[in-house]
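Observations on the three-dimensional arrangement
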Amino acid sequence: MFEVIKKGLETSLQDYPGRVGFLNQGFPPSGPMDSWSFRLANLLVGNKVEEAALECQYTGPSLKFESDHVIAICGGDMQPKIDGTAVPLWESILIKKGQTLELSFCLTGARTYIAFSGSIQSELWLGSKSTFHKAAVGGIDGRAIQEGQKISLGNSNSKIGKKIKADVIPEMSKNGVWEIEVVRGPNDDWLDNNGYQTFLDAKWKLQARSDRTGFRLDGPLLSFNEKATNKSPEHGYEPSNIIDQGYPIGGINLAGQTPIILVNDGPSMGGFIVPFTVPSASFWKLGQAKPSEYFKFKEISVEEAQDMRSYQTLICSEESII
Amino acid sequence: MATSVLTSVPGNIWKVLVSVGDTVSEGDVLFIMEVMKSEVNHNAPISGTVTEVNIQNDQEGVNPGTIAIVIE
């Protein structure tokens, strides 16, 4: 068990791949934004990659432990310390009864995962422990962790000193520019050639008004095909309006002239076009980007996106633990 | 003794509530940042006089760990 001393900005329980299969009822998958780091953290503490762990965003929590426990911290560098002494990322470590784990602001990346040997005790909701706080479901009481909460853990039976092979640790952007893969569609034919090329050539700035629902971007104006400008009235009046449709997870929604990437807690449907979609294998980069950093999009095929996902599944396995 | 107040998150400065020369009490809100559609208050860690303000309203893209305000 541990007690939450400081909650951090928004620290929540997530599992992998989250609440999959309920988008048709309006429930997004939730789950960790950087599922690469998340899965490696679970492996380090001897858990299955799917087990629930904590996602810390921008500023991490302080947790006081009431028993000895093996944990691992993976993802952005929130300068983790145990009772004031720095501890490593990407390694299984022991925290003792009475000690406090303290995370601070992110030096690199934006999200960090704390995995606990034996996982965290929480009820499944629609098959997942992931927190979806907008509907107050999943996780611990349906919301981010709160100061004073005592949270129960499973049995810790893992070894310390396990590490991740250096070449499978995700590499954070050093210059504040992230190359994000996209696949075309579903509504790419609503942009004209110029609009399509402008989208791929531009550097898009991530707005601070972004969260696990959507990532809002600033950049150039996009131009449209006649399909967008000369259409039947039920589609709506803006060129980017379309008759309501289902949205893919990772869809880049064009709201007027603001692209919004619909991420883990995003909406299931709406009336804006989605000219491009970010594949799941690239989500980890979205999760590690800070506001005012830049995205440069690179178009890939669906097959290439599937290969990227297969590669991530392959390396998020025992083979990567030393 | 001078104490620096650092930004705790990456994001925008929404409102700066103090100026150089102001007297503040421990716990007073000094400035508010905006990130993840949330307001993040930054409070005075000690009581004293504000001697430096290095941020301004609507400043974008401020890194975490930036020395925002100094109190003596």
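Residues numbered from 1 in each chain as written. Chains lettered and ligands numbered in written order. Predicted model: local features only at pLDDT ≥ 70, side-chain atom pairs only at ≥ 80, totals over all residues.

Remarks on the overall build of chain B
Per the secondary structure count, chain B includes zero helices and seven strands. Beginning at the N terminus, the succession of helices and strands in chain B can be written as β-β-β-β-β-β-β. Radius of gyration (C-alpha) of chain B: 11 Å, near the 11 Å computed for a compact globule of 72 residues. Each principal axis of the C-alpha atoms in chain B carries an extent, and together these give about 30 × 20 × 15 Å. Here chain B holds 72 residues, and 28% of them are scored as buried. Across chain B, every contact between residues at least 6 apart in sequence was considered, and the portion connecting residues at least 24 apart equals 58%. (Helix = DSSP H or I, 4+ residues; strand = E, 2+ residues; numbered from the N terminus. Rg over C-alpha atoms; globule rule 2.2 N^0.38 Å. Buried ≥ 20, exposed ≤ 12 C-beta atoms within 10 Å, placed from the backbone. Contact = placed C-beta atoms within 7 Å.)

Quick word on the overall build of chain A
For chain A, the helix and strand inventory stands at five helices and 19 strands. In terms of overall size, chain A behaves like a compact globule, its C-alpha atoms giving a radius of gyration of 20 Å where 322 residues would be expected to give roughly 20 Å. Dimensions of chain A along its principal axes, counting C-alpha atoms only, are 65 × 35 × 30 Å. Within chain A, buried positions represent 48% of all 322 residues. Across chain A, every contact between residues at least 6 apart in sequence was considered, and the portion connecting residues at least 24 apart equals 76%.

Observations regarding helix H1 (residues 35–44) of chain A
All names here are of chain A. Counted residue by residue, H1 has 10 buried out of 10 residues, so it is predominantly covered. Three or more residues of H1 are buried, namely Ser35, Trp36, Ser37, Phe38, Arg39, Leu40, Ala41, Asn42, Leu43 and Leu44. In this fold, the buried residues of H1 make contact with strand S3 (53–57), strand S5 (69–77), strand S8 (92–95), strand S10 (108–116), helix H4 (283–288) and helix H5 (302–315).

Section: the domain arrangement of chain A
Residues and elements named next belong to chain A. Along its sequence, chain A is carved into domain 1 (2–164) and domain 2 (177–315). Summarising the inter-unit geometry, the C-alpha centres of domain 1 and domain 2 are found 29 Å apart. Every contact between the two is made by 18 residues of domain 1 and, on the other side, 15 residues of domain 2. The set of elements that each furnish at least two residues to the side of domain 1 that touches domain 2 consists of H1 and S10. Residue composition of the side of domain 1 that touches domain 2, grouped by class: seven nonpolar, eight polar and three charged. (Domains from an automatic or database assignment. Nonpolar A, V, L, I, M, F, W, Y, C, P; charged D, E, K, R; others polar.)

Points about the sheet that holds strand S4 (residues 29–35) of chain B
Residues and elements named next belong to chain B. Read across the sheet, three strands follow the order S2-S4-S5 without closing on themselves; strand pairing throughout is antiparallel. If you trace the sheet from one side to the other, it starts and ends with strand S2 (12–16) and strand S5 (38–43), each paired once. In this sheet, adjacent strand axes meet at a mean angle of 30° when their direction is disregarded. Bridge analysis of S2 against S4 gives four bridges, and the strand direction is antiparallel. Bridge pairing in S4 places valine 16 opposite phenylalanine 31. (Pairing = 2+ DSSP bridges. Axes fitted to C-alpha atoms, helices over the stretch in contact; angles between N-to-C directions.)

Describing the interface of chain B and chain A
Contact with chain B, which involves 14 residues of that partner, is made by 14 residues of chain A. Per-class residue counts for the side of chain B that touches chain A are six nonpolar, five polar and three charged.

Examining the pairing of strand S19 (residues 294–299) of chain A
Residues and elements named next belong to chain A. Relative to S19, strand S12 (residues 177–184) is paired through six bridges, and the arrangement is parallel. Within S19, the residue paired with glutamate 181 across the bridge is lysine 298. Across three bridges, strand S13 (residues 203–206) lies against S19 in antiparallel orientation. What sits directly across from lysine 203, in S19, is lysine 296.

Some details on the nonpolar core
All names here are of chain A. Ranked by internal contacts, the top residues of the largest apolar core, which has 95 residues, are Ala41, Ala53, Ile71, Ala72, Ile114, Ala115 and Leu286. Of the residues forming this core, the biggest block, six residues, is contributed by H1. Of the domains in this structure, domain 1 (2–164) and domain 2 (177–315) are the two that each give at least three residues to this core. Aside from chain neighbours lying at most four places away, what touches isoleucine 114 is Ala53, Leu54, Cys56, Ile71 and Ile73. (Core = buried A, V, L, I, M, F, W, Y, C linked by C-beta atoms within 7 Å.)

Considering the confidence of the model for chain B
The predicted model of chain B averages 95 in pLDDT, with 100% of residues at 70 or higher. The ipTM value of the predicted complex is 0.85, and its pTM value is 0.95. (pLDDT = per-residue confidence, 0-100.)

A short note on the sheet that holds strand S4 (residues 62–65) of chain A
All names here are of chain A. Spatially, S7-S6-S9-S4-S1-S11 is the arrangement adopted by the six strands of the open sheet, whose pairing is antiparallel. Of all the strands in the sheet, just strand S7 (85–86) and strand S11 (150–151) have a single pairing partner and so form its edges. Here three bridges tie S4 to strand S9 (residues 100–102), and the two strands are oriented antiparallel to one another. Bridged to lysine 64 within S9 is threonine 100.

Focus: the environment of A:Leu254
Residues and elements named next belong to chain A. With respect to the helices and strands, leucine 254 occurs in strand S16 (residues 251–255). Judged by C-beta crowding, with 27 C-beta atoms within 10 Å, leucine 254 ranks as buried. Along the chain, leucine 254 and asparagine 194 lie 60 residues apart, while their C-alpha atoms are 16 Å from each other. Not counting chain neighbours up to four residues away, the residues in contact with leucine 254 comprise Leu222, Ser240, Pro259, Phe272, Ile273 and Pro275.

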